[in-house]
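Structure at a glance
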Amino acid sequence: MDANDCHDPPKYWTIHGLPDRAEDCNRTWHFNVTEIKDLMSDMRHYWPDVLHSSLNRTQFWKHEWEKHGTCAATLEALNSQKKYFGKAIELYQHVDLNGCLMKAGIKPSSSYYKMTAIKEALTRFYGVTPKIQCLPPEEREKAQTIGQIEFCFTKELQLVNCTALEGGSNPVKAHLKLGTSELSVCNDTLPTYYPSEVQDRK
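Residues numbered from 1 in each chain as written. Predicted model: local features only at pLDDT ≥ 70, side-chain atom pairs only at ≥ 80, totals over all residues. Heavy atoms only, no water.

1. Details of the sheet that holds strand E9 (residues 191-193)
Strand pairing in a sheet is mediated by backbone hydrogen bonds. Such pairs are either parallel or antiparallel. Overall, mixed pairing links the five strands, which are arranged E1-E9-E3-E2-E8 in an open sheet. Where the open sheet ends on each side, the last strands, each with one partner, are strand E1 (112-114) and strand E8 (184-185). In this sheet, strand E3 (residues 144-150) lies alongside strand E2 (residues 131-135) in antiparallel orientation, the contact comprising five bridges. Looking across to E3, one finds that Cys134 is bridged to Ile146. (Pairing = 2+ DSSP bridges. Helix = DSSP H or I, 4+ residues; strand = E, 2+ residues; numbered from the N terminus.)

Here you go:
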């Protein structure tokens, strides 16, 4: 995304959301920030809204609740706003992606990584294969840029291979548009850039 559009981007992996596969959604259940007031410190840290100004940093959470939380609430473990956001933070802390990558020696760098090395490190650490998404190379560039790492869970909230869920009746769509570029599943053969901070992609 354009660096100018991003407010105070953290230098660590954060939560995008806790998507669902449910079709039974209660779209009339509106987001109420007071229900998660005791999660606010963790929410700001682990699930920051970098696209809205500091005056209205709950827009992202509202969007995620209304799109996914109202559907995920069919599970008892996620059947309130506090449970939905609290469980997402708990899963994030359990997965500890930042720590895993550091232990594997994969850290932001100006040099490139092999995508297969990143995948192998994550699979070895977690015992499951996550879905890694990248921004495609810019014009006259050779490297893709890592943009999102998606972990998949069963309805019992146990880690599962993301590839095992593909082809299901209602696969999770994690199609995210960043500026003019779109995230897509990373290409195993392209060099992969893992930037230390948001780059201005023009």
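2. Remarks on the pattern of salt bridges
Evaluated as defined, the whole model comprises five salt bridges. The partner of Glu90 in a salt bridge is Lys87, and the shortest N-O contact between them spans 3.0 Å. Taken together, the residues Glu90 and Lys87, both in helix H3 (residues 81-95) and three residues apart, mark about one turn of the helix. Judged by its relative accessible area of 44%, Glu90 is partly exposed. Ionic pairing is found between Asp188 and Lys119, a salt bridge with its closest N-O pair at 2.7 Å. Taken together, the positions of Asp188 in the loop between E8 and E9 and Lys119 in helix H5 (residues 115-126) put the pair 69 residues apart, joining distant regions of the chain. The partly exposed category is assigned to Lys119, whose relative accessible area is 23%. (Salt bridge = Lys/Arg side-chain N within 4 Å of Asp/Glu carboxyl O. Buried < 20%, exposed > 50% of the residue type's maximum accessible area, 1.4 Å probe, protein only.)

3. Considerations on the state of the cysteines
Taken as a whole, this structure holds three disulfides when the rule is applied. At a sulfur-sulfur separation of 1.9 Å, the disulfide partner of Cys25 is Cys71. One quick way to see it: the torsion about the S-S bond of Cys25 and Cys71 is about 105 degrees, and its sign makes the bridge right-handed. In this pair, Cys25 sits in the segment before helix H1 (40-46) while Cys71 sits in helix H2 (residues 59-72), placing the two residues 46 residues apart along the sequence. Given the relative accessible area of 2%, Cys71 is considered buried. (Disulfide = S-S within 2.5 Å.)

4. Observations regarding the confidence of the model for the protein
Per-residue confidence for the protein averages 85 on the pLDDT scale, and 83% of its residues sit at or above 70. Across the protein, the element-wise mean pLDDT spans from 42 in strand E6 (residues 177-178) up to 96 in H3. Segment residues 167-180 is flagged for pLDDT under 50; beyond a separation of four residues in sequence, or across chains, it makes 24 contacts in the model. (pLDDT = per-residue confidence, 0-100. Contact = heavy atoms within 4.5 Å.)

5. Things to note about H3
If you check H3, its first and last C-alpha atoms are 21 Å apart, about what 15 residues at 1.5 Å a residue would give, namely 21 Å. When H3 is considered as a whole, its buried residues turn out to be Gln81, Tyr84, Phe85, Gly86, Lys87, Ala88, Ile89, Leu91, Tyr92 and Val95. In this structure, the buried residues of H3 make contact with H1, H2, helix H4 (97-103), H5, strand E4 (152-153) and strand E5 (159-160). Looking one or two places after H3, you find Asp96, whose phi comes out positive at around 45 degrees. (Expected span 1.5 Å × (residues − 1).)

6. Describing the packing of aromatic side chains
A complete count under the given rule lists twelve aromatic pairs for this structure. Summarising the aromatic geometry, the rings of Trp65 and Tyr84 are spaced 5.6 Å apart at their centres and angled 70 degrees between planes, so their arrangement reads as edge-to-face. Placement of the pair is Trp65 in helix H2 and Tyr84 in helix H3, with a sequence separation of 19 residues. A residue is classified by how much of its surface remains accessible, and Tyr84, at 0% relative accessible area, is buried. Relative to Tyr193, the ring of Tyr112 lies with its centre 6.2 Å away and its plane at 85 degrees, an arrangement referred to as edge-to-face. Pair noted here: Tyr112 is in strand E1 and Tyr193 is in strand E9, with a separation of 81 residues, a long-range link. Tyr112 gets classed as partly exposed once you look at its relative accessible area, which sits at 38%. (Phe/Tyr/Trp six-rings, centres within 6.5 Å; stacked < 30°, edge-to-face > 60°.)

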